[in-house]
Amino acid sequence: MAASPTAGVPVCIDDFEAIAKSTLPAATWGYYTSGANDEDTLRDNREAFRKYKLRPRILRDVSKVNTTTTILGKKARTPLCVAPCAMHELAHPDGEIGTSKGQPIYQKQPLFISTEDINGSIVNQPKMAVADLGSVMILSTYSTKALEKVIAANSNPDTHYWFQLYVYKERGISEKLVRRAEAAGFEALVLTVDAPVLGRRLLDARNRFNPPPYIRLENFIEGSATGDGTLDKSESETFGETFGNRGDAGLTWEEGIAWLRSITKLPIILKGVLTAEDTELAVKYGCAGVIVSNHGGRQLDGVLATIDALPEVVEAANGRIEVYMDGGVRKGTDIIKALALGARAVFIARPILYGLAYNGEAGAKLALKILQDELESGMALSGCRDINDINESLIHFPGHQPQPRRLGYYPSKL
Ligand SMILES: Cc1cc2nc3c(=O)[nH]c(=O)nc-3n(C[C@H](O)[C@H](O)[C@H](O)COP(=O)(O)O)c2cc1C
Ligand SMILES: CCCCC(=O)C(=O)O
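Rules and cut-offs
- Residues numbered from 1 in each chain as written.
- Chains lettered and ligands numbered in written order.
- Predicted model: local features only at pLDDT ≥ 70, side-chain atom pairs only at ≥ 80, totals over all residues.
- Heavy atoms only, no water.
- UniProt positions renumbered as here; feature names shortened; annotations may be inferred.
- Buried < 20%, exposed > 50% of the residue type's maximum accessible area, 1.4 Å probe, protein only.
- Helix = DSSP H or I, 4+ residues; strand = E, 2+ residues; numbered from the N terminus.
- Pairing = 2+ DSSP bridges.
- Right-handed = clockwise from strand over helix to strand, strands pointing away.
- Near = heavy atom within 4 Å.
- Polar contact = N/O pair within 3.5 Å; in protein donor to acceptor, adjacent residues only side chain to side chain.
- Areas by Shrake-Rupley, 256 points an atom, 1.4 Å probe, with all protein chains shown as cover.
- 1 Å grid on protein atoms, 1.4 Å probe; cavity = no way out; pocket = protein on both sides within 12 Å on 5 of 7 lines; lining within 4 Å.
- Sits in = over half its atoms within 2 Å of the grid points.
- Nonpolar A, V, L, I, M, F, W, Y, C, P; charged D, E, K, R; others polar.
- Contact = heavy atoms within 4.5 Å.

The name that an unreviewed UniProt entry assigns to the protein chain is Hydroxyacid oxidase 1, with the source organism given as Mycoemilia scoparia. According to its UniProt record, the protein chain has this under Sequence similarities (unreviewed entry): "Belongs to the FMN-dependent alpha-hydroxy acid dehydrogenase family."

Asks: I'd like a description of the pairing of strand S7 (residues 136-139), backed by residues and values.
Replies: Neither face of S7 is left uncovered, since the one carrying Val136 and Ile138 and the one carrying Met137 and Leu139 both have all their residues buried. Relative to strand S8 (residues 160-165), S7 runs parallel, the two sharing 4 bridges. Among the inter-strand pairings, leucine 139 is bridged to a residue of S8, identified as phenylalanine 163. Handedness of the crossover is the feature at issue here: the chain leaves S7, passes through helix H7 (residues 147-152), returns alongside S8, and the resulting connection is right-handed.

Asks: Could you give an account of the site of ligand 2, naming the residues involved and the relevant values?
Replies: Taken together, Tyr31, Ala86, Tyr142, Tyr166, Leu198, Arg201, Phe239, Phe243, His295 and Arg298 form the complete shell of residues around ligand 2. Histidine 295 is positioned with one of its side-chain polar atoms (N or O) 2.8 Å from an oxygen atom of ligand 2. Protein contact buries 94% of the 280 Å² of open area that ligand 2 shows by itself. If you map ligand 2 onto the pockets, it falls in the largest pocket. Of the residues belonging to the shell around ligand 2, the class tally is 7 nonpolar, 1 polar and 2 charged.

Asks: Requested: an account of the environment of alanine 338, with residues and values cited.
Replies: By the element assignment, alanine 338 lies in helix H14 (residues 332-340). Sequence separation between alanine 338 and threonine 306 is 32 residues, and the spatial gap between their C-alpha atoms is 9.3 Å. Leave out the neighbours within four places in its chain, and alanine 338 touches Ile307, Leu310, Met325, Ala343 and Val346.

Okay, structure coming up:
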């Protein structure tokens, strides 16, 4: 874990986290940071990356590194994407619009953050001499800015918006959200399937976490400028209770996925797949992709870290659908390891919230820029010019090809 920032300006994601911890109200910090129960999975998500070591190649021309790829067949300028997170306004009034506008722009050159940047200019005013960069942002059903506003705030055609969906017992609520997402220009629906009930988050229970009154779940505000939904939360319910009372824990492959497919032509991505068996079913039920995710350790505690579950899912998908991952990604080399193990794209959640908490839109931009810079420098240092150069041969893991050589293996004359 990196030390906390010395001059107050974050230079890595752990710095943002340390600042968020000391500045956010305790209950918000608790909601953002915590996992379920003992938080074993929360910890494992990060720790597991360390087991996979890199096998860099040398003396390849890496004077230019290109992170362009395709996601669901559409051009993306980087495989670094934004996962859905409820209530960005808890971090900063810019909310999801700040995240959205923060996403497409980053400074293409120089590759590394300069002293000048560290001294502040990029923090307060991200440089505009930048190449626009686009990838995917998934907007949560529980966003604090209405879905129409978030998509309208972006002008970069290379940025793709997907809408994350929870299915409610009152299907009409979910159907309305689907219709609005379609009309607004969202390109895919991300159905979160690891939360039939809410995980037991002890910190939230102790804090009796409830968003402050100024927080509006704009996708549900009836009669607002853009919202026409009907899910309003009663005063006495906590956020978690609302979720438990309205969400449909009875959802199944046969009925639920078939229902969703029957009401939309948008591609459906399942978020929260951890096994080969469910990957096979996702293919069978016509899903376009799966996100290997354990909800950032917030749902079932004790499941595999996502980087450990990824190879099984990639193997089962066998190129038939795209496989993405999220969970514990905090460094450029984490992204490289996930891509090397077969992820098409990688999503981040808490780093964005910490970026927003630091400085709104500019903070979200800075967090993304740091990760993108780390991805590019990591690729250069591994001898990868192109995303397609990142493959399994970059990974060393005990039991994984190539096998580690035991001491004494080499002939003594060498
Ligand atoms: C505060 C918070 C809110 C979240 N809200 C949602 C949500 O509304 N929908 C969803 O599918 N996942 C949600 N997630 C899960 C993330 O999309 C993602 O799976 C996970 O946090 C990734 O791990 P990371 O935070 O380590 O990057 C949330 C996560 C956090 C931390
Ligand atoms: C109340 C749950 C919705 C947001 C969410 O998915 C999370 O907090 O993890």
